[in-house]
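Listed below, chain by chain, are the residues.
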Amino acid sequence: MVNKNGNLTIGPDQNVPTSQAIILGLQHVLAMDVYVPPFIIATSLALSSSDASGLIQSTFLGAGLATLVQVLFFMKLPVCQGPSFVPIGAIIGICLGTSGKMGSVLGACLVGAIIVTLFGFLGVYQWIVKTFIPPLVSGTIITIVGLSLIPSALKDNIYTVTKNGPSLSQNITLAIITGITLIFCSMISDYLPKWGKFFRIASVIIALFVGCVFASFMGVLNLSSVSSAPLFSIPHIAFINYHLSFSWSTILTMLIIYMVLLAETTGTWFAVSSVIDEPLSDKQINHGVIGEGVGCILAALGGATPVTGYSTNAGVISITGVASRKVFVFAGVWFVILSFIGKLSALINAIPAAVIGGVFAIVTIIIMLSGFRVIKNYDFNEREMYVVGIPLVFALALIFLPSSATTHLPQFLKFLFDSPVAIGAIIAIIMNKILPEKNA
C-alpha cells in the first residue's frame with residue numbers, strides 16, 4: 001500500500017493490520033522519554049519510592065488518555081501526547097512553596113486546563129494561527145522544535161554519565177550503534193526491496209533492541225528494577241491519592257505555562273503536518289486546542305502534570321513511513337496499559353539513556369530538516385533570512401543561556417526563557433509582521 005505522499009508508506013486515514021498497529025504503537029512509546037519529567041520532579045522533591053512510582057505511572061496514564069482523545073476526537077492527527085518539560089521548574093517551586101504540594105499543582109493544572117478548553121471553544125486560536133503563522137513562520141517554528149531538542153538528545157541522553165552507569169565512551173558507542181542501526185533499517189529498502197518495508201516500519205524497535213543487546217554485552221544493561229517491580233500497581237489519582245487545593249497564584253502560574261505549551265504544541269502540529277504533507281485546517285487547529293485542554297484535564301485528574309504534543313513522533317513517522325492514526329490509538333492504549341503494569345514500565349525505564357539518545361538524535365535532525373522543507377520554496381531575500389535566522393539565534397541563545405541569568409526575573413519570564421520554542425515562535429511572528437514585504 002503506497003500513500004499519495006511519496007514520503008509515506010501508509011497515510012493517516014489508511015488502515016494497518018491490528019497486529020502491526022500494536023507493535024508500531026509500542027515503537028512510538030519507546031521513542032518518547034515520557035518518564036523523564038516525572039523522574040526529575042520526583043528526584044528534586046525527594047519523593048518516596050512509592051510516591052515516585054505513582055507519579056511516573058500517572059504520567060503514563062495521562063499521556064495515554066490525552067493521546068486517545070486527541071487522535072480519536074479532536075485534532076485527529078497522528079500525534080502522541082506526553083508530559084511537557086516546560087512546567088518542571090514551576091511544579092517543583094509550587095510543591096516546595098505550598099503545603100498542598102502535588103495537590104496544589106494538580107488543582108492549578110485542572111483549572112488552567114479548563115480555561116484552555118474554553119479558549120479553544122471560543123475559536124480564537126485558529127484566527128491567531130491564520131493571521132500570524134504563515135508557512136514561512138511555521139517552517140521556522142518546526143526548525144526550532146528540532147533544533148531545541150538536539151542538546152537534550154546529545155547532552156542529557158548521551159554525554160551525561162551517572163555514578164553506576166556506562167562511561168562516556170560506552171554511551172557514545174551505544175548511541176552510534178543504535179543510530180547506525182536505525183539508518184540502516186530505514187534505508188535497506190533501496191537494497192532489499194522485499195524486506196525493506198518491514199525493516200523501515202520496525203526500524204525504531206530494531207534499533208533500540210540492538211542497542212540494548214550491545215549494552216548487555218558491555219555489562220551496562222541493568223534489569224534488576226524489572227525483576228523487583230510489581231506486576232500490577234495503581235497510579236496515584238487526584239481526589240484519591242492527592243487532596244486538591246486551589247490558589248490564584250498557582251492557577252495564574254499554570255495558565256501562563258499553558259500558553260507556552262500551546263505555542264510549543266503548535267510547532268508539533270506543523271511538524272506532523274509537514275511530514276504527512278497535509279496542511280492544517282482552521283477546524284483542526286481549533287479542535288486541537290480543545291483536545292489539548294481536555295487532555296490536560298484528564299491528565300490532572302489522573303495525577304499527571306500537563307501534557308503536550310511530542311514532535312519526536314513526527315521524526316518516527318518520517319523514518320518508518322507509517323502515519324496511520326490507528327497506530328497512535330494503540331500508542332495511547334500502550335500508555336494506559338503501562339500505567340498499570342509495573343514491570344513493563346520498569347522495562348522501558350531500563351533502556352540505557354544513550355540507546356534512546358541514538359534514536360532521539362536522528363529524530364530531532366529529521367524534525368529540523370522538515371522545517372527547512374516547508375520554507376525551501378521561498379525566494380530568500382534579506383527579509384526572509386531575517387525572519388528565519390533571528391528566531392534561530394534567539395532559540396540557540398536560550399538553549400545555552402546559564403540558569404543564573406534568569407534567577408532574578410519574574411516567574412512568568414522564567415517560564416518563557418525555559419522554552420526556546422515559545423520564544424523562537426514569538427520572535428518569528430514579530431519579525432514577519434514588522435519587516436516590510438518589499439524593499440522600498
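In what follows, the structure referred to is the one given above.
Cut-offs and rules
Residues numbered from 1 in each chain as written. Predicted model: local features only at pLDDT ≥ 70, side-chain atom pairs only at ≥ 80, totals over all residues. Heavy atoms only, no water. Helix = DSSP H or I, 4+ residues; strand = E, 2+ residues; numbered from the N terminus. Rg over C-alpha atoms; globule rule 2.2 N^0.38 Å. Buried < 20%, exposed > 50% of the residue type's maximum accessible area, 1.4 Å probe, protein only. Patch = residues over 30% accessible without salt bridge, like charges linked within 9 Å, V, L, I, M, F, W, Y side chains within 5 Å. Areas by Shrake-Rupley, 256 points an atom, 1.4 Å probe, with all protein chains shown as cover. Salt bridge = Lys/Arg side-chain N within 4 Å of Asp/Glu carboxyl O. Contact = heavy atoms within 4.5 Å. Disulfide = S-S within 2.5 Å. Expected span 1.5 Å × (residues − 1). Axes fitted to C-alpha atoms, helices over the stretch in contact; angles between N-to-C directions. Parallel < 35°, antiparallel > 145°, perpendicular 65-115°, else oblique. Left-handed = near helix turned anticlockwise from the far one by under 90°. Phe/Tyr/Trp six-rings, centres within 6.5 Å; stacked < 30°, edge-to-face > 60°.

1. Re the overall build of the chain
(1) Moving on: Within the chain, the secondary structure is distributed over 20 helices and two strands.
(2) Moving on: Against the compact-globule benchmark of 22 Å for 440 residues, the chain has a radius of gyration of 21 Å, which places it among compact chains.
(3) Moving on: Taken along its principal axes, the extent of the C-alpha atoms in the chain is 70 × 60 × 40 Å.
(4) Moving on: The burial tally for the chain puts 55% of its 440 residues in the buried class.

2. A look at a nonpolar patch on the surface
(1) Moving on: On the surface, L154, Y159, V161, L168, I172, I176 and I180 cluster together into a nonpolar patch covering about 600 Å² of accessible area.
(2) Moving on: Going through the elements one at a time, α7 (135–159) and α8 (168–187) are the ones with two or more residues in the nonpolar patch.
(3) Moving on: Among the elements that line the nonpolar patch, the one with the most residues is α8, at four residues.
(4) Moving on: Residue position: V161 is located in the loop between α7 and α8.

3. Topic: the side chain of N157
(1) Moving on: Take N157: it is sitting in helix α7.
(2) Moving on: If we skip the residues at most four places from it in the chain, N157 touches D33, S152, A353, A354, I356, G357 and F360.

4. With respect to the pattern of salt bridges
(1) Moving on: Evaluated as defined, the whole model comprises two salt bridges.
(2) Moving on: With its nearest N and O atoms 3.3 Å apart, the salt bridge here joins E384 to R383. As far as burial versus exposure is concerned, E384 and R383 are alike and both buried.

5. Looking at unusual backbone geometry
Outside of glycine, negative phi angles account for most residues, and trans bonds account for most peptide bonds.
(1) Moving on: At K76, a residue that is not glycine, the phi angle is positive and equals roughly 55°.
(2) Moving on: You can see K76 is positioned in the loop between α3 (49–72) and β1 (81–83).
(3) Moving on: K76 sits in the partly exposed class, given a relative accessible area of 43%.
(4) Moving on: Phi at F239 takes a positive value of approximately 70°, unusual for a residue other than glycine.
(5) Moving on: Considering the arrangement of structural elements, one finds F239 in the loop between α11 (224–228) and α12 (248–276).

6. Overview of the state of the cysteines
(1) Moving on: With the rule as written, the count across this model stands at zero disulfides.
(2) Moving on: Left without a disulfide partner, C80 is nearest to the cysteine sulfur of C296, which lies 15 Å away.

7. Considerations on helix α20 (residues 420–434)
(1) Moving on: When the terminal C-alpha atoms of α20 are compared, their 21 Å separation across 15 residues agrees well with the 21 Å that a helix rising 1.5 Å per residue should span.
(2) Moving on: Of all 15 residues making up α20, eleven are buried, and the element is well covered by its neighbours.
(3) Moving on: Buried residues of α20: P420, V421, A422, I423, G424, A425, I427, A428, I429, M431 and N432, and no others.

8. Description of the packing of α12 against helix α13 (residues 282–301)
For any two helices packed against each other, one specifies the inter-axial angle together with the distance between the axes.
(1) Moving on: Contact geometry for α12 and α13: axes closest at 11 Å, N-to-C directions at 125°. Classified by the interaxial angle, the pair formed by α12 and α13 is oblique. Seen along the crossing, α12 lies across α13 with a hand that is right-handed. Where α12 approaches α13, its residues Y258, L262, T265 and W269 are matched on the opposing element by I285, G288, V289, E292 and C296.

9. Some details on the packing of aromatic side chains
(1) Moving on: In total, this model carries three aromatic pairs according to the counting rule given.
(2) Moving on: Summarising the aromatic geometry, the rings of F60 and F335 are spaced 6.0 Å apart at their centres and angled 40° between planes, so their arrangement reads as tilted. Here the residue F60 occupies a position in helix α3, and F335 occupies one in helix α15 (residues 325–340), the gap between them amounting to 275 residues. The pair formed by F60 and F335 is uniform in burial state, with each residue classed as buried.

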